[in-house]
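Structural features, examined
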Amino acid sequence: RGSPALRAARARSLPPTAWGACARRSRAGAPDRLLLALSPPRLRPVPAGCVRCGQPLPPIPPCRFCRDWPPVLAEARSAVWLDAAARAVVHHLKYQGLPALGRETAELIGRFVARPAAGFLVPIPLARGRLRTRGYNQATAIARGLADVWRLPGAERPLQRRPDNRNPTGPT
């Protein structure tokens, strides 16, 4: 209740775990940007480190995080540490039917990760069953937003998912 400004002020103090409940009360498919602003003080950016993977360098080089990567994987970055606040965002994007968080997540990435000099964005496809269940691919939602933020082309169909549906990371 109250004015939009009062509601927005209250929203800024809500923890990320409350975003899903707040978003369900806002217009379907268009959560309130202030509720989903991915506040940088709550999310911890990954500091600059290895030129290839971006992870903090160990006290004695070389970086052990990316040393076994195939040569074709030239560069990767993480915007924030995957702590409780970031996990809440990922959970709402993947499981709460909030594809609009893809754009918000892309804007966050754009704040913390420098735009690549060249290339294009390729979202990892979901297994068919998961795509049917969720109704959208969260990686595609992020890639579309990031293509706008970084002004890079996106390619949504160059990869095909293998029949093996196991989730290698477990639920987030």
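The structure displayed is predicted, hence computed values, not measured ones.

What follows covers the overall build of the protein. What the protein contains, in helices and strands, is 6 helices and 0 strands. Helices and strands in the protein line up, N terminus first, as α-α-α-α-α-α. Within the span of the protein, comprising 172 residues, buried residues form 35% of the whole. Looking at the protein alone, contacts between residues at least 24 apart form 68% of all its contacts between residues at least 6 apart.

Ranked by internal contacts, the top residues of the largest apolar core, which has 15 residues, are Leu43, Val80, Ile109, Leu121, Leu146 and Trp150. The set of elements that each furnish at least two residues to this core consists of helix H3 (84-95), helix H4 (101-112) and helix H6 (138-150). The greatest single-element share of this core, amounting to 4 residues, is contributed by H6.

Okay, H4 next. Between the first and last C-alpha of H4 there are 17 Å, a value that for 12 residues agrees with the 16 Å anticipated at 1.5 Å per step. Buried positions along H4 lie against H3 and H6.

In this structure, Arg151 is a non-glycine residue whose phi angle is positive, near 55°. With respect to the helices, strands and loops of the structure, Arg151 is situated in the segment after H6.

Here we come to the packing of aromatic side chains. Applying the stated rule across the entire model yields 1 aromatic pair. Aromatic pair Phe65 and Trp69: ring centres 6.1 Å apart, planes at 70°, arrangement edge-to-face.

Inspection of the entire model under this criterion finds 4 salt bridges. Between Arg44 and Asp83 there is a salt bridge, with the nearest N and O atoms lying 3.2 Å from each other. One end of the pair, Arg44, is in the loop between helix H2 (19-25) and H3; the other, Asp83, is in the loop between H2 and H3, and 39 residues separate them in sequence. Its relative accessible area of 46% is what places Arg44 among the partly exposed residues. Of the residues examined, Asp83 reaches a relative accessible area of 19% and is grouped as buried. Between Glu75 and Arg77 there is a salt bridge whose closest N-O contact spans 3.9 Å.

When two helices pack together, their arrangement is given by the angle between the helix axes and by the axis-to-axis distance. Contact pair H3 / H4: the axes reach a minimum separation of 10 Å and the direction vectors enclose 145°. Of the residues in H4, those in contact with Val89, His92 and Leu93 of H3 are Leu101, Gly102 and Thr105. Of the residues that constitute the contact of H3 with H4, the class distribution is 3 nonpolar, 3 polar and no charged.

What follows deals with the confidence of the model for the protein. For the protein, per-residue confidence averages 74 on the pLDDT scale, and 66% of positions sit at 70 or higher. Highest mean pLDDT in the protein belongs to H6 (91); lowest belongs to helix H1 (residues 4-12) (45). Confidence drops under a pLDDT of 50 for residues 8-40, and excluding neighbours within four residues, the segment shows 50 contacts in the predicted structure.

Counting across every chain of the model gives 0 disulfides. Left without a disulfide partner, Cys53 is nearest to the cysteine sulfur of Cys63, which lies 3.6 Å away. By relative accessible area, Cys53 is classed as buried at 3%. Free of any disulfide, Cys66 has its nearest cysteine sulfur in Cys50, 3.7 Å distant. Residue Cys66 is classed as buried on the basis of its relative accessible area of 5%.

Parameters at a glance
Residues numbered from 1 in each chain as written. Predicted model: local features only at pLDDT ≥ 70, side-chain atom pairs only at ≥ 80, totals over all residues. Heavy atoms only, no water. Helix = DSSP H or I, 4+ residues; strand = E, 2+ residues; numbered from the N terminus. Buried < 20%, exposed > 50% of the residue type's maximum accessible area, 1.4 Å probe, protein only. Contact = heavy atoms within 4.5 Å. Core = buried A, V, L, I, M, F, W, Y, C linked by side-chain atoms within 4.5 Å. Expected span 1.5 Å × (residues − 1). Phe/Tyr/Trp six-rings, centres within 6.5 Å; stacked < 30°, edge-to-face > 60°. Salt bridge = Lys/Arg side-chain N within 4 Å of Asp/Glu carboxyl O. Axes fitted to C-alpha atoms, helices over the stretch in contact; angles between N-to-C directions. Nonpolar A, V, L, I, M, F, W, Y, C, P; charged D, E, K, R; others polar. pLDDT = per-residue confidence, 0-100. Disulfide = S-S within 2.5 Å.

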